[in-house]
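# Notes for the structure review
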Amino acid sequence: MRYCIFATGMKGHCTLKNLDHKNFPEFVVSYDNGEADQFDKIKSFCKENQIKMIDRKTAKKKSYSHIDKIFAIGWQFFIKHNHEKLVVLHDSYLPYKRGFAPTVCTLQAGEENLGVTAFIPDAIVNEPD
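Here's what I pulled together on the structure shown here. Note that this is a predicted model, so its numbers are computed, not measured. (Residues numbered from 1 in each chain as written. Predicted model: local features only at pLDDT ≥ 70, side-chain atom pairs only at ≥ 80, totals over all residues. Heavy atoms only, no water.)

### Here we look at the pairing of strand β3 (residues 52-55)
- Of the pairings in the sheet, the one linking strand β2 (residues 27-30) to β3 comprises four bridges and is parallel in character. Within β3, the residue paired with Ser30 across the bridge is Asp55.
- For the segment spanning β2, helix α2 (residues 38-48) and β3, crossover handedness is right-handed. (Pairing = 2+ DSSP bridges. Helix = DSSP H or I, 4+ residues; strand = E, 2+ residues; numbered from the N terminus. Right-handed = clockwise from strand over helix to strand, strands pointing away.)

Take a look at the structure:
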């Protein structure tokens, strides 16, 4: 399967570090979301493992016809195209822990379980103007 990853922040970096080294993504799309040095770590990981890295702003103009799946991890922007290929990994059990910073809220609440939800978004979305 040919896939790419839209990843940012610590969640994105940790996911990349834990991938099977025999099956890396075709490329990684990222941007600096302000989380300390996570963007630099993502760039370094991609460079060390010879994975093409694309800036978020450039990615808007790219074609993904050769890609089977797009995984979004820690992503904070709408992905307007290729919904049929998109799998979003959200760091909580949805809909129970939806909203901003679900991991932090779960940890602060002292809950024993922390999870992730993988979902395929609907092609019809209400985008902000």
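### Concerning the pattern of salt bridges
- Tallied over the full model, the rule gives four salt bridges.
- In this structure, Glu26 engages Arg2 in a salt bridge whose closest nitrogen and oxygen atoms are separated by 2.9 Å. With Glu26 in the loop between α1 (9-17) and β2 and Arg2 in the segment before β1 (3-7), this pair connects stretches of sequence that are 24 residues apart.
- Salt-bridge contacts for Lys11 lead to Asp91; the nearest nitrogen and oxygen are separated by 3.2 Å. Residue Lys11 is found in helix α1, and its partner Asp91 is found in the loop between β5 (86-90) and α4 (102-108); the two are separated by 80 residues along the sequence.
- For Lys11, a relative accessible area of 39% translates into the label partly exposed.
- Under the relative-accessibility criterion, Asp91 is labelled buried at 14%. (Salt bridge = Lys/Arg side-chain N within 4 Å of Asp/Glu carboxyl O. Buried < 20%, exposed > 50% of the residue type's maximum accessible area, 1.4 Å probe, protein only.)

### Examining the packing of α1 against α2
- Across the interface, α1 lies against α2 with an axial gap of 9 Å and an inter-helix angle of 25°. Classed by the angle they form, the pair α1 and α2 counts as roughly parallel. Of the two possible hands of crossing, α1 and α2 adopt the one that is left-handed. Across the interface between the two elements, Gly9, Met10, Gly12, His13, Leu16 and Lys17 of α1 pack against Gln38, Lys41, Ile42 and Phe45 of α2.
- When the residues that make up the contact of α1 with α2 are grouped by side-chain class, the tally is four nonpolar, four polar and two charged. (Axes fitted to C-alpha atoms, helices over the stretch in contact; angles between N-to-C directions. Parallel < 35°, antiparallel > 145°, perpendicular 65-115°, else oblique. Left-handed = near helix turned anticlockwise from the far one by under 90°. Contact = heavy atoms within 4.5 Å. Nonpolar A, V, L, I, M, F, W, Y, C, P; charged D, E, K, R; others polar.)

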